[in-house]
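What follows is the residue order along each chain.
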Amino acid sequence: FSILFPTRREMDRIATGESLSSLRKRLAHKHELTEATRRDASKVKAQISGLRAMQKSADEAAKADFMRDIASIRRQTDEARIQLEERRRKADEKEASLAEVRAQLDELQARKREKMREAREQREARLVPLRGENERLYNKLMAAEKDQYNTHT
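As the structure is a computational prediction, the values presented were derived from the model and not from experiment.

**Considering the overall build of the protein**
For step 1, the next point in the chain: Within the protein one finds 2 helices and 0 strands.
For step 2, the next point in the chain: Within the span of the protein, comprising 153 residues, buried residues form 3% of the whole.
For step 3, the next point in the chain: Accessible surface, the protein: about 14200 Å² in total, of which carbon and sulfur atoms supply 56%.

Shown next, in the form of structure tokens:
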């Protein structure tokens, strides 16, 4: 296009004596440079596109890893919650059983105290006549010893 309608600069070159073939060579060289620049730009665009695809793939992989980690943590949390609920249920059962055992223990201790009281009372009741007999025999022994002492003196 510029060959048919030269620019002002090109007109200046023509006026200075630069040949048309020289201008054509320069123009062809510029076209080659432009084409090389376009090819380089196309390669850079392809590289950028490839990098973006790689980044997208890496992002998706990271997201998938993150989602797997979240799912794993959720499973572990659910399992831990189930175990905790089971342990709480067992603890509640044991607490109820313990309460029953404590009630039985309290009842048994009360029975034991009552039986101990009754046994003390029965022993005391059996010992009252024996104590009287024991005191009578002791007094008799003392009197006999006194008589024996008095007879020897």
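**Brief notes about the pattern of salt bridges**
For step 1, the next point in the chain: Under the criterion given, the structure shown has 9 salt bridges.
For step 2, the next point in the chain: Note that Arg117 is salt-bridged to Glu114, the shortest N-O span being 2.2 Å. Of the two residues, Arg117 and Glu114 both sit in helix H2 (residues 20-152), 3 residues apart, roughly one turn of that helix.
For step 3, the next point in the chain: Looking at Arg117, the relative accessible area reads 32%, which means it is partly exposed.
For step 4, the next point in the chain: For Glu114, a relative accessible area of 33% translates into the label partly exposed.
For step 5, the next point in the chain: A salt bridge links Arg117 to Glu121, with the shortest nitrogen-to-oxygen separation between them at 2.5 Å. Within this pair, Arg117 and its partner Glu121 are both found in helix H2, separated by 4 residues, close to a single helical turn.
For step 6, the next point in the chain: Assessed through its relative accessible area of 45%, Glu121 is described here as partly exposed.
For step 7, the next point in the chain: Sharing partners across several salt bridges, the network here consists of Glu86, Arg89 and Glu93.

**Quick word on a nonpolar patch on the surface**
For step 1, the next point in the chain: Together, Tyr138, Leu141 and Met142 give the surface a local cluster of nonpolar side chains, amounting to about 300 Å² of exposed area.
For step 2, the next point in the chain: Structurally, Met142 is set in helix H2.
For step 3, the next point in the chain: Judged by relative accessible area, Met142 falls into the partly exposed class, the value being 37%.

What counts, and at which threshold
- Residues numbered from 1 in each chain as written.
- Predicted model: local features only at pLDDT ≥ 70, side-chain atom pairs only at ≥ 80, totals over all residues.
- Heavy atoms only, no water.
- Helix = DSSP H or I, 4+ residues; strand = E, 2+ residues; numbered from the N terminus.
- Buried < 20%, exposed > 50% of the residue type's maximum accessible area, 1.4 Å probe, protein only.
- Areas by Shrake-Rupley, 256 points an atom, 1.4 Å probe, with all protein chains shown as cover.
- Salt bridge = Lys/Arg side-chain N within 4 Å of Asp/Glu carboxyl O.
- Patch = residues over 30% accessible without salt bridge, like charges linked within 9 Å, V, L, I, M, F, W, Y side chains within 5 Å.

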